[in-house]
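Overview (structure and organization)
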Amino acid sequence: VEPTSALDAHTEATVAERSAAVVQRDLLLREVYHRVKNNLQIIDGMLMMQARELSDPAARAAVMGLRSRVYALGLVHHQLMGSQDLQTFDVAPFLTELTSNLLEGGAAPGVTLEVRAKPIQVGLDFAIPLGLVVTELVTNSLKHAFPDGKGHIEVDLDCDEAGRVTLVVADNGRGQSDGAQAAKPALGTRVIEGLVAQLGGKLTVHNQNGSRSELTMP
């Protein structure tokens, strides 16, 4: 039988080794998130340069829309890089920063936006599609809801006791005409449909007194 002092020393050494391994893992994960974010920033810069070279307004708008999606991806990795456990982060400040960027990049001075979100801890696989859905819905409002350059957008995120999450993106703009609904779905619409399926959610859209999109998901 080993003396007590020898057992204590062995235990301390084992704990020290495991602690060092955890620290090393965390450093590597932070480095990965940092590099992914930097690479996405490089892509963003290239898209900006490409947009400046385009004379076609529709082509320029398409490239700028892609920039918004890239920004959402980069912001997720930025949030994870600064989180304590490197696996989850609070979705509320993430949505605030994400929508503020969209407002600054594509809104008329008379358009305002408000975010109300519960402090829900989310991971990478949930945050990316959620951030992209919010990007598409807010961008859609900014593009089509306010022809006079004035209006308000609300983004709400809630979670009930059963763990069901509800996202609402609503505006007080002109809504969507029946003709637009009957037309071939735009790229943004198809992107949203794919993201909703990825989240395992259900999306309902109402166009009365503005537009209201409500997404429920586990």
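Shown above is the structure to which this text applies.
Summary of the structure given here. Just so you know, these numbers come straight off a predicted model, no measurement behind them. (Residues numbered from 1 in each chain as written. Predicted model: local features only at pLDDT ≥ 70, side-chain atom pairs only at ≥ 80, totals over all residues. Heavy atoms only, no water.)

A tally of regular secondary structure across the protein gives 6 helices and 7 strands. Here the C-alpha radius of gyration of the protein, 22 Å, is well above what a compact globule of 218 residues would show, namely 17 Å. Across the protein, the fraction of contacts at a sequence separation of at least 24, relative to all contacts at a separation of at least 6, is 68%. Accessible surface, the protein: about 12,900 Å² in total, of which carbon and sulfur atoms supply 55%. Here the protein contributes 19 positive and 26 negative side-chain charges, whose respective centroids are spaced 8 Å apart. (Helix = DSSP H or I, 4+ residues; strand = E, 2+ residues; numbered from the N terminus. Rg over C-alpha atoms; globule rule 2.2 N^0.38 Å. Contact = heavy atoms within 4.5 Å. Areas by Shrake-Rupley, 256 points an atom, 1.4 Å probe, with all protein chains shown as cover. Lys, Arg positive; Asp, Glu negative; His and termini not counted. Charge placed at Lys NZ, Arg CZ, Asp CG, Glu CD.)

Turning to helix H6 (residues 187–199), a few remarks are in order. With 13 residues, H6 should cover 18 Å at 1.5 Å per step; its first-to-last C-alpha distance of 18 Å lies within 8% of that length. All of the buried residues along H6 are Gly188, Ile192, Leu195, Val196 and Leu199. Each buried residue of H6 lies within a common arc of 105° when the element is viewed along its axis, so the set occupies one face. Turned more than 90 degrees away from the buried face of H6 sit Glu193, Ala197 and Gln198, all of them exposed. Against the buried residues of H6 lie helix H2 (57–81), helix H4 (124–144), strand S6 (202–206) and strand S7 (211–217). Remark: Gly200 follows H6 within two positions and exhibits a positive phi of approximately 70°. (Expected span 1.5 Å × (residues − 1). Buried < 20%, exposed > 50% of the residue type's maximum accessible area, 1.4 Å probe, protein only. Arc of directions from axis to C-beta.)

Time to look at the environment of Ala92. Counting through the fold element by element, Ala92 comes out in helix H3 (residues 91–106). Residues Ala92 and Pro119 lie 27 residues apart in sequence; the distance between their C-alpha atoms is 5.4 Å. With residues near it in sequence (within four places) discarded, Ala92 still touches Ala117, Lys118 and Pro119.

The biggest cluster of nonpolar side chains holds 40 residues, and the ones touching the most others in it are Val91, Phe94, Val138, Ile153, Leu157, Leu167 and Met217. Of all elements in the fold, only H2, H3, strand S2 (110–117), H4, strand S4 (150–159), strand S5 (165–171), H6 and S7 reach the threshold of two or more residues within this core. If one sorts the elements of this core by residue count, H4 sits on top with 9 residues. Among residues more than four places away in sequence, those in contact with Leu167 are Leu130, Val133, Val134, Val155, Asp156, Leu157, Ser213, Glu214, Leu215 and Met217. (Core = buried A, V, L, I, M, F, W, Y, C linked by side-chain atoms within 4.5 Å.)

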